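Each chain, written out:
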Amino acid sequence: MKKLLASKHLMLTIMKITINQCLLFAIFSVMALGSPSKAQQILNREVSMKLNNVSLKVILLEIEKQSGVRFVYSNNSIHLDKEVSLEVNREALSVVLPKLLFPYQIRYEVVEEQIILKKNKEQTIAFPSEKEGAIEEEKVSGKVSSEKGESLIGVSILVKGTSRGTVSDAEGKFSIAAKEGEVLVFSFIGFKKQEVNVISKETIQVTLKEDNEQLGEVVVIGSRSTVARTNVERPVPVDVISAKELQSTGQTELSQQVQFMSPSFNSAKNGINGVANYADPASLKGLSPDQMLVLIDGKRHHQFAALNNNVTVGKGTVVTDLNAVPSIALERMEILRDGAAAQYGSDAIAGIANLVLKKSVNSGTAQIQYGVTSEGDGGGYTAAVNYGFSLGKKASLNITGSYQDVKGTDRSDPYNPQPVAGGAYTGIYTNVKATDEAALKSRGYWGNGTYGSFRPTAYGSNAMKSGQVFYNLDVPLKIDWTLYSFGGFSQKDVFARAFLRTALPTSATSNVDLYPDGYVPELPGTSVDYSSFVGIKRKTFTGWNWDFSTGYGRNYLDQSAKNSSNASMGASSPKDFYIGRISFGQSLTEINASKTVLGLWNTKSVNFAFGTQYRVDNFALSAGDEASYLVGPLAASRNKTPGSQGRVGIDKADAKSVNRSNIGVYADVESDITNRLLVAAALRYENYSDFGSNISGKLASRIKITEDFSIRGSINKGFRAPLLQQIANAATTSTVQNGIIRSTKQLPSDEPRLKQIGIEDPKPETSWNYNLGVTAKVGNNLLLTVDAYQIDITDRIIITENLNVNNIAALKNLFPNFQEITFFTNAINTGTKGIDIVASYKNSISPKSKFTASIALTINKTEITKIKATPTALQQDTKAPVVLIDTVSRALIETSQPHTKVLVSLGYQVGKFSVNFRSSYFGEVTAWEKPSGQNHRSQTFGGKNLFDASVVYSINKSLSITVGGNNFTNVYPDKVFSNYASYSNGQVPYTRNANQFGFNGAYYYGSLTIRL
């Protein structure tokens, strides 16, 4: 009897399950046909896979990749950790989904491009209980939006303490059974969870706030995998700096904003320093500016046109002008602190800076800021606006406009012809003290006619006016195709000054016929920068992500010299000159493809990526006015320097337009072999039309010791090709070193006379980059990363010392018309060692208050490990050693940037107020000088700590006011010793030969932000 009853019970159970399954299948079918045309198109998409003993979540992710749909569900009600197996071959989703979800009582609904998953008991119609049936009559409806006004699709809405829930639809709308007094819980990835009390049956409008702490963890740079990774899961170190964080520094230009946010990034303003007047040098890990690759939205960005030939950080290198991009146009900035030439090509030896443009829609920001230094100069304002427009149903256009007008600063000392008692007297009119002082008084041109009362030039930040416009366009063409385009335009007008040219008749640069009291050349320059990319992305049903793109970027620098003179022309010289134009253009065409396969080869996931890139670079020199480079009659008769003073014009004989092409092919693979072990590898082949080919590679790995503690490391073989601006430049520069002004001719690498003195064409510098680090996450609030690195560079490309033609026998006959020459060569090897430590803490003390803290430390050191011997042909018949790199240039590589940098930041927000405090320590730097006829000597400038503070008051959700002070304790670098030649009679109180943190002192500002 018991057996019979047991059998009957079993049969009833089976019948019940079968009936339920049939009902569920019917519900699936009805739900799938809710929107017959659109839904059926989606459900007709086919997938193929063979996965065994993996979680249901893994299978859904693979379906997403192959079909282009997105599954939306509540983690509280849908549990996808069950292990299942699935084998299908080109089967439609309408067949696969019921088969997959059926056993787990999960139903689905097609909404636009999303498939919303619901537990069968959620708002069920098929099996309502009496209690839930009563509640069903008390419906609450509403809409969920972001702070930007965007409708949020797929937001999970649950009635707290119950199993009742739903998700928002394609318009962000929802309807749920809830009674007055109950609490609705809204949750959605990337947004903060929010609870709302039901107080009436009226429509509820819910606005979710972005969770920046969560969003900031996911980055693009350094990996082409579609698997999102947090800070503790990356195999290489990446700094992610949001636009809000950049702007919180109070700095008005991007390079200066990053300077105070990233420990390994270095950039400071220069005074009277040639090309550095127009584009700030910026570097990573103490290496050269052109050993950092800059990307915008993952695409290589073109570099600045002009070469930095002055004696400052980055001498002989080419920068990428970050200040051409306003930070308000950015969503964030990603700094990859690891070599990546194998993934992205030449120049990525030190790392990569990726600027991610905003894509927001139906929202925006307007800002205006005014600031001034404690000295009352440097005053200026920045006005900017960003807004995202919705174009049709899904297309979007985000546009940014920015304008800046800033006055210059002056930190020079009063001019002193005899800075040290008993030292040499160097006056403006004569080097005889009594006669000079009498002439100064009788002429009455300078100050009140006495030394110490006037500053002839201005040594400080340059006055500047700039404007930028950037855009980001996204247009879906069909289900799996998207057209995109982005780019921008920038124009920067900079007013720079040169050093005083005295009225000494014997001076090679004086022109007493035109300037009987001496003169200070003015050097206005206009830098124009523009670029545009257009591409098509496609995500296939089989999971491949394709990206076809092409773009062009260009920078040109127009320079003039005013209040100047060609001393060799005497009285017939003009006073104003057009110097010429230097331009650099880059066209780029790429094909990139990637695919993530889950469960392949018994791994958790494997991502494959490959692609090719074709690049064409163009460098051009356009001649200036003839008088700007003319060798006048006084050059021979009175030893007067030819060319316009302050900046020598581009000779028509040097005008040129040079092209070169490059094709690169890469492949990389990244695999989560297990939940704990990640391995990545990349290989890249590049071929240049002018010097041949190169192969670079990368291996990286991360091992999770625990879920919150990992060890990571990488090995890179990288390279940097000699730039066209380096090997093709033929400009003449007027340089001032140790008080002596000379004209120096840079020889292009194809100059045939270089071969006669044993100089070979520059070849690519190669590097080995080693990185080893640990990452740790302590609870939900503290994140710590420690990364040590070593970068060994072979055949590093440098520009030589200025070789005095008259002092070197091998040069006298070959270069009779030049004072000095210089050229590029692979003269040295260098080694860089360092460690970066970054810790951040975030804690929400209460619903209305939050505390944040961070500390970032970098310690590094670069040394020249080998200097190649001077070619025999160059040294021949000259007794004194001919050195291609001397102490001054060595210091620019080894000691001119801080070896230590510590950034500490504290922030506290309570209600409408937030207070931010920042401490920035910049370690010591050392600069060398080589006085004429004396031994080389150096000066070390001590480390200093700068303090910044700001207060933000949010008047309402749309309006906030900020007041702040940067370096409010008014710290300056150590001054140059007055008995040093580089002091230049007071014109250079702060060294030009090192780059620590600037020299403008305290800066106070106020800003107004409007959220549109």
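In every chain, residue numbers begin from 1 and rise along the written sequence. Only residues with pLDDT of at least 70 get local features here, since the model is predicted, and only at 80 or more are side-chain atom pairs given and counted; chain-wide, interface and lining totals rely on the full set of residues. Values reported for side chains reflect all heavy atoms of the structure, with hydrogen atoms and water molecules removed beforehand.

Novice: Hey, could you run me through the overall build of the protein chain in this one?
Specialist: Secondary structure elements are taken from DSSP: a helix is a run of H or I of four residues or more, a strand is a run of E of two residues or more, and numbering for both begins at the N terminus. Across its full length, the protein chain holds 16 helices and 47 strands. Between buried and exposed lies partly exposed: a residue is buried under 20% and exposed over 50% of the maximum accessible area for its type, with that area taken using a 1.4 Å probe on protein chains only. Scored against the burial criterion, the 1012 residues of the protein chain give a buried share of 56%. Here, two residues are considered to be in contact whenever any of their heavy atoms come within 4.5 Å of each other. Long-range pairs, those at least 24 residues apart, make up 69% of the contacts in the protein chain with a sequence separation of at least 6. In this description, accessible areas are obtained by the Shrake-Rupley approach with a 1.4 Å probe, and a residue is regarded as covered only by the protein chains that are shown. Of the roughly 41500 Å² that the protein chain leaves accessible, carbon and sulfur atoms contribute 56%.

Novice: Even after reading the chapter, I still don't get the sheet that holds strand S17 (residues 299-300), so can you show me in this structure?
Specialist: The strands making up a sheet associate through backbone hydrogen bonding, with each pair oriented either parallel or antiparallel. In this scheme, strands are said to pair when DSSP sees at least two bridges between them. Across the sheet, five strands lie side by side as S13-S18-S19-S16-S17; this open sheet has mixed pairing. Only two strands of the sheet have a single neighbouring strand rather than two, namely strand S13 (238-242) and S17. Note: strand S16 (residues 292-296) against S17, two bridges, orientation antiparallel. Each residue of the ladder has a partner; that of Leu295, found in S17, is Arg300.

Novice: Before we go on, may I ask you to explain the packing of aromatic side chains in this structure?
Specialist: In this description, a pair of aromatic rings is defined by centroid distance and the angle of the planes. Each Phe, Tyr or Trp ring, with Trp reduced to its six-membered ring, pairs with another whose centre is within 6.5 Å; inter-plane angles below 30 degrees give stacked pairs, above 60 give edge-to-face pairs, and intermediate values give tilted ones. Counted under the stated rule, the structure contains 29 aromatic pairs. For the pair Phe174 and Phe186, a centre-to-centre distance of 5.5 Å together with 70° between the ring planes defines the contact as edge-to-face. Here Phe186 lies in strand S10 (residues 183-187) and Phe174 lies in strand S9 (residues 173-177), a separation of 12 residues in the sequence. Classification of Phe186 as buried rests on a relative accessible area of 0%.

Novice: It is not clear to me how the confidence of the model for the protein chain should be interpreted in this structure. Could you clarify?
Specialist: Detailed reading of the predicted model is not advised wherever pLDDT is low. The pLDDT score gives, residue by residue, the confidence of the prediction method on a 0 to 100 scale. With 89% of its residues at a pLDDT of at least 70, the protein chain reaches an overall mean of 86. Contacts of residues 121-136 to residues separated by more than four positions or lying in other chains number 24 contacts, the stretch itself having pLDDT below 50. In this model, residues 212-218 is a region of pLDDT below 50 whose contacts with residues beyond four sequence positions or in other chains number 18 contacts.

Novice: Please clarify how the pairing of strand S5 (residues 114-119) should be interpreted in this entry.
Specialist: Where a strand is regular, its side chains alternate between the two sheet faces. Where burial is concerned, most of S5 is hidden: five out of the six residues are buried. Judged from the three bridges that link them, strand S2 (residues 70-72) and S5 form a sheet pairing that is parallel. The partner of Val72 across the bridge, within S5, is Ile116.

Novice: Is there a simple way to explain the pattern of salt bridges in this structure?
Specialist: If the charged atoms of two oppositely charged side chains come close together, the side chains can form a pair. One speaks of a salt bridge when a side-chain nitrogen belonging to Lys or Arg is within 4 Å of a carboxyl oxygen belonging to Asp or Glu. Going through the model one piece at a time under the given rule, you end up with 30 salt bridges. Here Lys861 ties to Glu863 by a salt bridge, and the two come within 3.5 Å at their closest N and O atoms. Judged by its relative accessible area of 45%, Lys861 falls in the partly exposed class. It is possible to trace a salt-bridge network through shared partners that takes in Asp239, Arg337 and Asp836.

Novice: Would you take a moment to explain the environment of Glu765 for this structure?
Specialist: Looking at where Glu765 falls in the secondary structure, it is placed in strand S35 (residues 765-778). Sequence separation between Glu765 and Asp347 is 418 residues; the distance between their C-alpha atoms is 9.7 Å. Every residue in contact with Glu765, bar those within four places of it in the chain, is listed here: Gln291, Ile349, Gly718, Phe719, Arg720, Ile793, Thr794, Asp795, Arg796 and Ile797.

Novice: How should the sheet that holds S10 be read in this particular structure?
Specialist: Reading across from one edge, S8-S7-S10-S11 is the order of the four strands in this open sheet, with antiparallel pairing throughout. Each end of this open sheet is capped by a strand with a single partner; those strands are strand S8 (165-167) and strand S11 (194-197). Averaged over all neighbouring strand pairs, the angle between strand axes comes to 20°, with direction disregarded. The axes are straight lines fitted to the C-alpha atoms, using for helices just the contacting stretch, and the angles between their N-to-C directions are given from 0 to 180°.

Novice: Would you mind going over a positive patch on the surface with me for this structure?
Specialist: Where like charges cluster on the molecular surface, the positive patch consists of Lys192, Lys209, Lys244, Lys957 and Arg1011. Here Lys192 lies in the loop between S10 and S11. Surface patches are drawn from residues lacking salt bridges whose relative accessible area is over 30%; two like charges belong together within 9 Å, two nonpolar side chains (Val, Leu, Ile, Met, Phe, Trp, Tyr) within 5 Å. Think of it this way: Lys and Arg go in the positive column, Asp and Glu in the negative one, and His and the chain ends go nowhere. Note that the charge is assigned to NZ on lysines, CZ on arginines, CG on aspartates and CD on glutamates.

Novice: Can you help me understand the packing of helix H3 (residues 56-67) against helix H4 (residues 93-101) in this one?
Specialist: To characterise two packed helices, one gives the angle between the axes of the helices and the distance between these axes. Interhelical geometry of H3 versus H4 gives an angle of 170° and a closest axis separation of 12 Å. Of the possible angle classes, the one that applies to H3 and H4 is roughly antiparallel. Of the residues in H4, those in contact with Leu56, Ile59, Leu60, Ile63 and Ser67 of H3 are Leu93, Val96, Leu97, Leu100 and Leu101. In this classification, the charged set is Asp, Glu, Lys and Arg, the nonpolar set is Ala, Val, Leu, Ile, Met, Phe, Trp, Tyr, Cys and Pro, and all remaining amino acids, among them Gly, are polar. For the contact of H3 with H4, the class distribution of residues is nine nonpolar, one polar and no charged. Should an angle fall under 35 degrees it is called roughly parallel, over 145 degrees roughly antiparallel, and 65 to 115 degrees roughly perpendicular, with every other angle called oblique.

Novice: Just to check I follow, could you spell out unusual backbone geometry for this structure?
Specialist: Its identity as a non-glycine residue notwithstanding, Asn967 has a phi of 55°, on the positive side. With respect to the secondary-structure elements, Asn967 resides in the loop between strand S46 (959-966) and strand S47 (1003-1011).

Novice: Could you clarify how one ought to interpret the environment of Gly718 in this entry?
Specialist: Relative to the elements of secondary structure, Gly718 occurs in strand S32 (residues 709-720). We classify Gly718 as buried; its relative accessible area is 6%. Spatially, the C-alpha atoms of Gly718 and Ala342 are 6.6 Å apart, while their sequence positions differ by 376 residues. Not counting chain neighbours up to four residues away, the residues in contact with Gly718 comprise Ala341, Ser696, Glu765, Thr766 and Ser767.

Novice: What am I meant to see in helix H10 (residues 433-443) here?
Specialist: Each α-helix winds once per 3.6 residues, and so residues spaced three or four apart point in a common direction. Buried within H10 we find Asp436, Ala439 and Leu440. Buried residues of H10, viewed axially, fall in a sector of 100°; they line one side. Residues of H10 that are exposed and point more than 90 degrees away from the buried face comprise Ala434, Lys441 and Ser442. Remark: Gly444 follows H10 within two positions and exhibits a positive phi of approximately 65°. Relevant arc is that of directions from the helix axis to the C-beta atoms, nothing else.

Novice: Is there a simple way to think about the nonpolar core in this case?
Specialist: What tends to happen in soluble globular proteins is that the nonpolar side chains get buried as a cluster. The term nonpolar core refers to a set of buried residues drawn from Ala, Val, Leu, Ile, Met, Phe, Trp, Tyr and Cys, joined through side-chain atoms within 4.5 Å. In this structure, Tyr278, Phe304, Ala306, Leu523, Ile582, Phe619 and Leu621 are the most contacted members of the largest nonpolar core, which totals 33 residues. Mapped onto this core, the elements with two or more residues apiece are strand S24 (481-497), strand S26 (545-561), strand S27 (577-598), strand S28 (605-622), helix H12 (724-727) and strand S36 (782-799). Looking at which element gives the most residues to this core, the answer is S27, with four residues. Ignoring any residue separated from it by four or fewer positions in sequence, one finds Ile582 in contact with Ala305, Ala306, Asn555, Tyr556, Leu557, Gln559, Phe619, Ala620, Leu621 and Ile650. Leu330, Ala350, Leu355 and Tyr789 belong to the second-largest nonpolar core, a separate cluster that totals 30 residues.

Novice: Whenever I open this one, the side chain of Ser402 confuses me. Can you help?
Specialist: Here Ser402 lies in strand S22 (residues 395-406). Apart from residues no more than four positions distant in its own chain, Ser402 is found in contact with Pro326, Thr382, Ala383, Ala384, Ser466, Gly467 and Gln468.

Novice: Please explain the side chain of Thr317 as it appears in this structure.
Specialist: With respect to the secondary-structure elements, Thr317 resides in the loop between S17 and strand S18 (330-336). The term polar contact refers here to a pair of N or O atoms within 3.5 Å; inside protein, the definition further demands a hydrogen-donor-capable atom paired with an acceptor-capable atom, and it admits residues adjacent in sequence only when both atoms are side-chain atoms. There is a polar contact of 2.5 Å between the side chain of Thr317 and the backbone oxygen of Gly314. In this structure, Thr317 is in contact with Ser288, Pro289, Asp290, Leu307, Asn308 and Gln726, ignoring residues within four places of it in sequence.

Novice: It is not clear to me how the environment of Tyr556 should be interpreted in this structure. Could you clarify?
Specialist: Take Tyr556: it is sitting in strand S26. Under the relative-accessibility criterion, Tyr556 is labelled buried at 15%.

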